[in-house]
Amino acid sequence: MTRSDITVAPFNGHHPRIHSSAFIAPGCRIIGNVEIGPDASIWYNCVVRADIHRVVIGARTNVQDGSVIHCDSPKPHNPDGHPTIIGDDVLIGHMAMVHGCVLEDRAFVGLGAIIMDGSVIESDGMLAAGAQLTGKRIGARQLWMGRPAKYARDLDDAAVAANQAGVAGYVRNARAHAEALGLTV
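No experiment lies behind these values; they were computed from the predicted model shown. (Residues numbered from 1 in each chain as written. Predicted model: local features only at pLDDT ≥ 70, side-chain atom pairs only at ≥ 80, totals over all residues. Heavy atoms only, no water.)

(A) Just the nonpolar core, in detail. Counting 41 residues, the largest nonpolar core has Ile42, Ile57, Ile92, Leu103 and Leu127 as the members making the most contacts within it. If one sorts the elements of this core by residue count, strand β7 (residues 47–57) sits on top with four residues. Setting aside its immediate chain neighbours within four residues, leucine 103 contacts Ile85, Ile86, Gly87, Val90, Ile92, Val98, Val109, Ile115 and Ile121. Formed by eight residues, the second largest nonpolar core is a distinct cluster that contains Leu91, Phe108, Met126 and Leu155. (Core = buried A, V, L, I, M, F, W, Y, C linked by side-chain atoms within 4.5 Å. Buried < 20%, exposed > 50% of the residue type's maximum accessible area, 1.4 Å probe, protein only. Helix = DSSP H or I, 4+ residues; strand = E, 2+ residues; numbered from the N terminus. Contact = heavy atoms within 4.5 Å.)

(B) Here's a closer look at the environment of glycine 58. You can see glycine 58 is positioned in the loop between β7 and β8 (62–63). With relative accessibility at 9%, the residue glycine 58 sits in the buried group. A C-alpha to C-alpha distance of 7.3 Å links glycine 58 and proline 38, two positions 20 residues apart in sequence. Sequence-distant contacts of glycine 58, defined by excluding residues within four places in its chain, comprise Gly37, Ala40, Ile86, Gly87 and Asp88.

(C) Looking closely at the sheet that holds strand β11 (residues 91–92). Judged by pairing direction, the sheet is mixed, and its eight strands sit side by side in the order β4-β6-β8-β11-β14-β17-β20-β21 without closing on themselves. What marks the edges here is a single partner per strand, and that holds for β4 (23–24) and β21 (150–154). Bridge analysis of strand β17 (residues 126–127) against strand β20 (residues 142–145) gives two bridges, and the strand direction is parallel. Along β20, the bridge assignment pairs methionine 126 with leucine 143. (Pairing = 2+ DSSP bridges.)

(D) The arrangement of the environment of serine 119 in detail. As for its placement among the helices and strands, serine 119 is situated in the loop between β15 (114–115) and β16 (120–121). On the basis of relative accessibility, which here comes to 1%, the residue serine 119 falls in the buried class. The spatial distance from the C-alpha of serine 119 to the C-alpha of histidine 99 is 8.8 Å, given a sequence separation of 20 residues. Once residues lying within four places of it in the same chain are set aside, the contact partners of serine 119 are Gly100, Cys101, Val102, Leu133, Thr134, Gly135 and Lys136. Polar contacts involving the side chain of serine 119 include one to the main-chain carbonyl oxygen of leucine 133, which spans 3.4 Å. (Polar contact = N/O pair within 3.5 Å; in protein donor to acceptor, adjacent residues only side chain to side chain.)

(E) A look at the packing of aromatic side chains. Tallied over the full model, the rule gives four aromatic pairs. Note on phenylalanine 23 and tryptophan 43: the rings are 5.1 Å apart at their centroids and 65° apart in plane angle, and the pair reads as edge-to-face. Of this pair, phenylalanine 23 sits in strand β4 while tryptophan 43 sits in the loop between β6 (41–42) and β7, and the two are 20 residues apart along the sequence. Judged by its relative accessible area of 0%, phenylalanine 23 falls in the buried class. Considering the side-chain rings of phenylalanine 23 and tyrosine 44, the 6.4 Å spacing of their centres and the 75° angle between planes classify their relative orientation as edge-to-face. (Phe/Tyr/Trp six-rings, centres within 6.5 Å; stacked < 30°, edge-to-face > 60°.)

Set out below in structure tokens:
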């Protein structure tokens with residue numbers, strides 16, 4: 001499927017698989033071995049490129065405007081490479097770089113953050129805006145900040161609840177944008 005403002009293209013025999021309820025905003029480029037789950041939203045001018053490995057984006061996850069998601073190919077020192085696996089109900093802020101990592105269910109990546117090959121954010125973990133995580137693991141309900149990212153504190157119940165409210169809000173907002181743009185979701 002290619003529209004003048006959205007590209008969804010196969011690469012090396014792999015076709016993107018996008019659930020019919022997902023919202024793909026104008027300006028997006030979805031390439032190769034990509035799977036996008038139900039009620040997920042990929043916002044304006046994002047790139048999701050799975051040309052050298054795979055990218056999975058779970059249900060109700062949102063990838064906000066201008067973000068880039070890629071993966072890492074197999075190499076002699078890492079024969080399995082690094083796919084990018086993003087769970088359900090994940091929030092990825094505007095202009096984030098998500099590369100060859102795992103974001104478990106309900107993870108949060110802040111605006112302008114960078115998460116690199118081999119990194120993991122466990123369920124309800126959070127990488128703060130502008131932070132950079134390289135090859136490390138953020139534990140469940142932990143907040144990490146800075147460049148390089150370091151543990152800052154544990155998240156309380158209110159912070160976790162606020163993140164999940166954000167997920168629900170993005171599902172509603174995606175439906176409203178799809179309707180306003182005349183897209184079917």
